[in-house]
Protein chains: 2
Amino acid sequence: MIDLPNPRTIHDIETPAVLIDIDRATANIARAQANADKHRLKLRPHIKTHKLPYFARQQVDAGAVGITCQKIGEVEVMAEAGLADIFLPYNILGRVKLERLHALHGKITLSVTTDSAETLAGLAATFTDAGHRLKVLVECDTGMGRCGVQTAAEALELAKGIDRAAGLSFGGLMTYPAAGRAAEADTWLFEARDMLKDAGLDCQTVSSGGTPDIWRSGDTKVVTEYRPGTYIYLDRYQVAKGVGGIDDCALTVLSTVVSHPTPTRAILDAGSKAMSSDTLGLPDFGELVSIPGALVTGLSEEHGTVTLSGDAKLSIGQRVRVLPDHVCVVTNLFDTVHLISGETVVDILPVAARGRLT
Amino acid sequence: MIDLPNPRTIHDIETPAVLIDIDRATANIARAQANADKHRLKLRPHIKTHKLPYFARQQVDAGAVGITCQKIGEVEVMAEAGLADIFLPYNILGRVKLERLHALHGKITLSVTTDSAETLAGLAATFTDAGHRLKVLVECDTGMGRCGVQTAAEALELAKGIDRAAGLSFGGLMTYPAAGRAAEADTWLFEARDMLKDAGLDCQTVSSGGTPDIWRSGDTKVVTEYRPGTYIYLDRYQVAKGVGGIDDCALTVLSTVVSHPTPTRAILDAGSKAMSSDTLGLPDFGELVSIPGALVTGLSEEHGTVTLSGDAKLSIGQRVRVLPDHVCVVTNLFDTVHLISGETVVDILPVAARGRLT
């Protein structure tokens, strides 16, 4: 926590700044947990969206079985903050990273993934204590086209290798499905799980994820654990996907109109260094909250171009709140975020896991 | 400087990491300065690309008249590091920012811009000492479509306002021209400069910028000062614009192949959190240095997807260097950069002006 008596309300905050509506975030956490509970699905939220021990703890307190991180540096931050059960679905390679992983395994309940013999070999050589095995899941490419084994037969081969390694234990299957293609992923995982079962390898966990499909996550016949990230804040992309409404979005970027060169063009002090160029395919970079017809149509590093249509009006010096397309990349750009309730600033938190790239 | 005995060579660096080839950066600085000198153009490099006092000092030592920053926070970092002449071409609005600007004006030679009566009013109310005036230039939109007055008549009106304010002095005109349209900008500025001259207002400085047009910057009939940024590192976009060759590019992202799920798809541990999604319009996100046919065709936050064609080969665990499309946004994503000469690590520097958004 930063010792800063001011700002007391959002009107006192220097722009650009990130505002997190804690009431909305808390409601989003509760809604997702209730849905998971209803479907007897374990929830293991991905911290990439908030990067804050504050919300990781709140997610676990609400009923999550643990958290998910994407890089060792993030695990280190969260473990240091007291998070006790962390899943790292990433191929960890190289002596230094494997040593860091080994050190974490001594402190928390840790699990990782592999999708290759090379990654497995490194894990098997580093973790050799049969009395304190590292749990390893096999990553499966069920349609996303990123990491993961391509066939159930490959998954079986890797699972056997994990099972043979003295210091490792086979934990199950993991996938990140393509958005909207969870059913396809289900079919893939179902086949692999049964093939492994026939070989005597039980999948303790079958882990899937993704906020776009969160309200359909209970339809599964095979997934046991779900790793959504963005659901805590939501954003324009998730609203476009129907996950929630504008009024459920917890993160906005507070910005000031610094220029208004033409009647339909205004310029904000938040550019790609504040909002990122990542639109996830949406045609614009963001929209101004409660100002219909005011869209962020261009970003350079320190300028956001707003195009005004219809009755939308702005004035130079006016402070506005921008709803970005993709919030996860926004929190990575700020050293601190402002927690708010209504317009009151409740706290200012350092983004503890920001920039933990290695 | 970070007290870190290792790494001694790039082979010891944990990935992902930013590498800066200081020999190439130094050559790029010298080449641009020589070009400016030849054309009797003052050079005032934009620090947004490197965000390092180390290179800002080197640029001034090479002959630059000062530096350019885009946010007050960047000016504060650079002033603290001893940079004595800083141009901030941005509309500064609001009590707190104006107070910070006032404090800086007491320490360094500072100049700013305005493009509106509102910004001018704030500056005029804050700077009232006729014995120590703040130099203010008028920002002109010469075709870029971002900030700036739209007509020479508007520029004249604002210049008169600056000239009337007791604590301000009119410094001239500033523009950021659209890439490749410097000649159009020249015509605009020429007309405005002459209109102001007829009104008794001399333009001490006419400032333009942009690396894409740097080798044509001497063709001007009106610009007196040039603010290039990216020229120090260069990147794929600048190479595409013909500013330099691949072998002139000083910044690469060191990364490790963490997965190789199909013969033509490999995955790097550098995603949009390391390279940004900003392609500046190029079709791919980057290319692997010295591996023809290996292009970064997709980015998610912690994964970079490489598509291999022709004879391109990669193996899991292999370390590669990626040339990104747009380097300025990359340096903003890392807390430190590694300065290298050949493969030797010369120093590790904190990116002092990273994330200075306000």
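Residues numbered from 1 in each chain as written. Chains lettered and ligands numbered in written order. Predicted model: local features only at pLDDT ≥ 70, side-chain atom pairs only at ≥ 80, totals over all residues.

A. The arrangement of the overall build of chain A in detail. What chain A contains, in helices and strands, is 10 helices and 17 strands. Relative to the 2.2 N^0.38 estimate, which gives 21 Å for 358 residues, the radius of gyration of chain A is 22 Å and therefore close to what a compact globule would have. In terms of overall dimensions, chain A has C-alpha extents of about 70 × 40 × 35 Å along its principal axes. Burial status across chain A gives 55% buried among its 358 residues. (Helix = DSSP H or I, 4+ residues; strand = E, 2+ residues; numbered from the N terminus. Rg over C-alpha atoms; globule rule 2.2 N^0.38 Å. Buried ≥ 20, exposed ≤ 12 C-beta atoms within 10 Å, placed from the backbone.)

B. Highlighting the relation of the copies chain A and chain B. Each copy of the sequence occupies a distinct position, and chain A is placed on chain B by a rotation of 180 degrees and an axial shift of 0.0 Å, giving an RMSD of 0.0 Å. A rotation of that kind, with that shift, is consistent with a two-fold axis. Among all residues of chain A, the minimum C-alpha distance to the rotation axis is found for A:Ser277, at 2.8 Å. Comparing contact sets, 100% of the residues at the interface of chain A also lie at the interface in chain B, consistent with an isologous, same-surface contact. (Least-squares fit on C-alpha atoms with pLDDT ≥ 70 in both. Contact = placed C-beta atoms within 7 Å.)

C. Layout of the confidence of the model for chain A. The predicted model of chain A averages 96 in pLDDT, with 99% of residues at 70 or higher. In the model output, the complex is listed with pTM 0.96 alongside ipTM 0.96. (pLDDT = per-residue confidence, 0-100.)

D. Spotlight on the interface of chain A and chain B. Listed as interface residues are 47 residues of chain A and, on the opposing side, 48 residues of chain B. Listing elements by their share of the side of chain A that touches chain B, those giving two or more residues are β10 (251–262), α9 (272–275) and α10 (327–331) of chain A. Element by element, the count of residues in the side of chain A that touches chain B is highest for β10(A), at six residues.

E. Main features of the domain arrangement of chain A. Residue and element names in this part refer to chain A. Domain annotation for chain A reports domain 1 (10–17 + 242–350) and domain 2 (22–233). A C-alpha centroid distance of 33 Å is found between domain 1 and domain 2. If you look at the interface, domain 1 gives 14 residues, while domain 2 gives 20 residues. (Domains from an automatic or database assignment.)

F. Broad picture of helix α5 (residues 117–126) of chain B. Listing the buried residues of α5(B) in full gives B:Thr119, B:Leu120, B:Gly122, B:Leu123 and B:Ala124. In this structure, the buried side of α5(B) is in contact with α4 (95–105), β5 (109–114), β6 (134–140), α6 (152–164) and β7 (168–175) of chain B.

G. The packing of helix α3 (residues 72–80) of chain B against α4(B), seen in detail. All names here are of chain B. Where α3 meets α4, the axes come as close as 10 Å, and the angle between the chain directions of the two elements is 25 degrees. Judged by the inter-axis angle, α3 sits roughly parallel to α4. The handedness of the crossing between α3 and α4 is left-handed. Counted together, Ile72, Val75, Glu76 and Ala79 of α3 and Lys97, Arg100, Leu101 and Leu104 of α4 form the full contact between these two elements. Of the residues assigned to the contact of α3 with α4, the class counts are five nonpolar, no polar and three charged. (Axes fitted to C-alpha atoms, helices over the stretch in contact; angles between N-to-C directions. Parallel < 35°, antiparallel > 145°, perpendicular 65-115°, else oblique. Left-handed = near helix turned anticlockwise from the far one by under 90°. Nonpolar A, V, L, I, M, F, W, Y, C, P; charged D, E, K, R; others polar.)

H. Layout of unusual backbone geometry. Put simply, A:Thr15 and A:Pro16 share a cis peptide bond, and its omega is -5 degrees. With respect to the secondary-structure elements, A:Pro16 resides in the segment before β1 (17–21). Its identity is not glycine, yet B:Ser276 carries a phi of approximately 70 degrees, on the positive side.

I. Highlighting helix α2 (residues 53–61) of chain B. Residue and element names in this part refer to chain B. Residues Pro53, Phe55, Ala56 and Gln59 constitute the buried set of α2. Taken end-on, α2 shows its buried residues confined to a sector of 165 degrees, consistent with a single buried face. The inward-facing, buried residues of α2 contact α1 (22–38), β3 (67–68) and α3. (Arc of directions from axis to C-beta.)

J. Expanded view of the sheet that holds β7(B). Residues and elements named next belong to chain B. Pairing is parallel across the open sheet formed by eight strands, whose spatial order is β2-β9-β8-β7-β6-β5-β4-β3. The two strands at the open ends of the sheet, each matched to only one other strand, are β2 (42–43) and β3. Pairing analysis gives three bridges linking β7 to strand β8 (residues 205–209), with the strands arranged parallel. Counted as the bridge partner of Met174 is Ser207 from β8. (Pairing = 2+ DSSP bridges.)

K. Geometry of the environment of A:Leu83. Residues and elements named next belong to chain A. Topologically, Leu83 is positioned in the loop between α3 (72–80) and β4 (85–88). You can call Leu83 buried: it has 21 C-beta atoms within 10 Å. The spacing of Leu83 and Arg57 is 26 residues in sequence and 7.0 Å in space, taken between C-alpha atoms. Beyond its immediate sequence surroundings of up to four residues, Leu83 is in contact with Pro53, Ala56, Val60, Ile67 and Met78.

L. Layout of the pairing of β1(A). Residue and element names in this part refer to chain A. With four of five residues buried, β1 lies mostly within the body of the structure. Where β1 meets β10, four bridges bridge the pair, whose relative direction is antiparallel. Across the sheet, Leu19 pairs through a bridge with Thr252, a residue of β10. Pairing between β1 and strand β16 (residues 336–341): three bridges, direction parallel.

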